[in-house]
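Okay, here's what each chain looks like letter by letter:
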Amino acid sequence: MTHDIAELDLPALRTAMETAAKTSAEGFLKKHYNGQDWGACGFAWVTIYPKHKGNTKEGREERKVYRALGAELDHTGKNFQIWNPAKIGCQNIDAKEEGATTAAKILQMAGIDAHSHSRLD
């Protein structure tokens with residue numbers, strides 16, 4: 001299901017994304033690690049790939065949307081990232097990946113080109 005990005009309820013989308021990501025990450029820790037912060041350490045994030053160039057009217061509006069969702073420009077200056085979208089206070093990469101994957105799926109359902117990524121620490 002895709003939507004016009006300008007018609008999105010951004011506060012509701014951000015809340016839904018963060019809540020779902022946190023719930024899935026915490027659920028993963030509870031199910032696989034008995035709620036403990038064990039396992040490999042790492043990072044997980046969501047990368048958002050804009051459809052329009054940043055110097056166009058559409059691009060400027062699109063970037064406002066991504067910033068309202070808590071995203072910041074990545075090192076390339078082209079894409080946006082949301083680090084640890086679950087806002088979970090653990091080091092377990094599996095739980096953080098679970099949260100990032102869930103967050104990306106929520107954004108994709110809203111018509112945003114978003115994908116989860118991770119790396120070991």
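First, a word on scope: everything that follows refers to the structure included in this document. (Residues numbered from 1 in each chain as written. Predicted model: local features only at pLDDT ≥ 70, side-chain atom pairs only at ≥ 80, totals over all residues. Heavy atoms only, no water.)

**Topic: the packing of helix α1 (residues 10-33) against helix α3 (residues 93-109)**
Geometrically, a packed helix pair is captured by the angle between its two axes and the distance between the axes.
At step 1: At a closest axis distance of 8 Å, the pairing of α1 and α3 adopts a crossing angle of 150°. With respect to each other, α1 and α3 are oriented roughly antiparallel. In this structure, the crossing between α1 and α3 has a hand that is right-handed. Facing α1, whose interface residues are L13, M17, A20, A21, S24, A25, F28, L29 and Y33, α3 presents D94, A95, E98, G99, T102, A103, I106 and L107.
At step 2: Taken together, the residues that form the contact of α1 with α3 break down as 12 nonpolar, 3 polar and 2 charged. (Axes fitted to C-alpha atoms, helices over the stretch in contact; angles between N-to-C directions. Helix = DSSP H or I, 4+ residues; strand = E, 2+ residues; numbered from the N terminus. Parallel < 35°, antiparallel > 145°, perpendicular 65-115°, else oblique. Left-handed = near helix turned anticlockwise from the far one by under 90°. Contact = heavy atoms within 4.5 Å. Nonpolar A, V, L, I, M, F, W, Y, C, P; charged D, E, K, R; others polar.)

**What to know about the sheet that holds strand β4 (residues 114-120)**
At step 1: Taken in spatial order, the 4 strands line up as β2-β3-β1-β4 in an open sheet, and their pairing is antiparallel. A strand with exactly one partner marks an edge of an open sheet, and here the two such strands are β2 (72-73) and β4.
At step 2: Alignment of strand β1 (residues 42-48) against β4, held across 7 bridges, turns out to be antiparallel. Paired with F43 across the strands is R119, a residue of β4.
At step 3: Each of β1, β3 (80-83) and β4 touches α3; the most contacted strand, β1, lies at about 10° to it. (Pairing = 2+ DSSP bridges.)

**Focus: the environment of A114**
At step 1: In this structure, A114 sits in strand β4.
At step 2: Since its relative accessible area comes to 0%, A114 is described here as buried.
At step 3: When the C-alpha atoms of A114 and F80 are compared, they prove to be 9.2 Å apart, with 34 residues separating the residues in sequence.
At step 4: What A114 contacts, discounting residues up to four positions off in sequence, is V46, T47, I48, A104, L107 and Q108. (Buried < 20%, exposed > 50% of the residue type's maximum accessible area, 1.4 Å probe, protein only.)

**Considering the pattern of salt bridges**
At step 1: Scanning the model with the defined rule gives 5 salt bridges in all.
At step 2: The salt bridge involving E18 is made with K87; its shortest N-O contact spans 3.7 Å. With E18 in helix α1 and K87 in the loop between β3 and α3, this residue pair connects regions lying 69 residues apart in the sequence.
At step 3: We classify E18 as partly exposed; its relative accessible area is 21%. (Salt bridge = Lys/Arg side-chain N within 4 Å of Asp/Glu carboxyl O.)

**Brief notes about the pairing of β3**
At step 1: Two elements, β1 and β3, share 4 bridges in a ladder whose sense is antiparallel. Its bridge partner being in β3, V46 is matched across the sheet by I82.
At step 2: Here 2 bridges tie β2 to β3, and the two strands are oriented antiparallel to one another. Opposite L73, over in β3, you have F80 as the bridge partner.
At step 3: Counting the residues that bridge the hairpin from β2 to β3 gives 6 residues, and of these G77 lies at a positive phi of roughly 80°.

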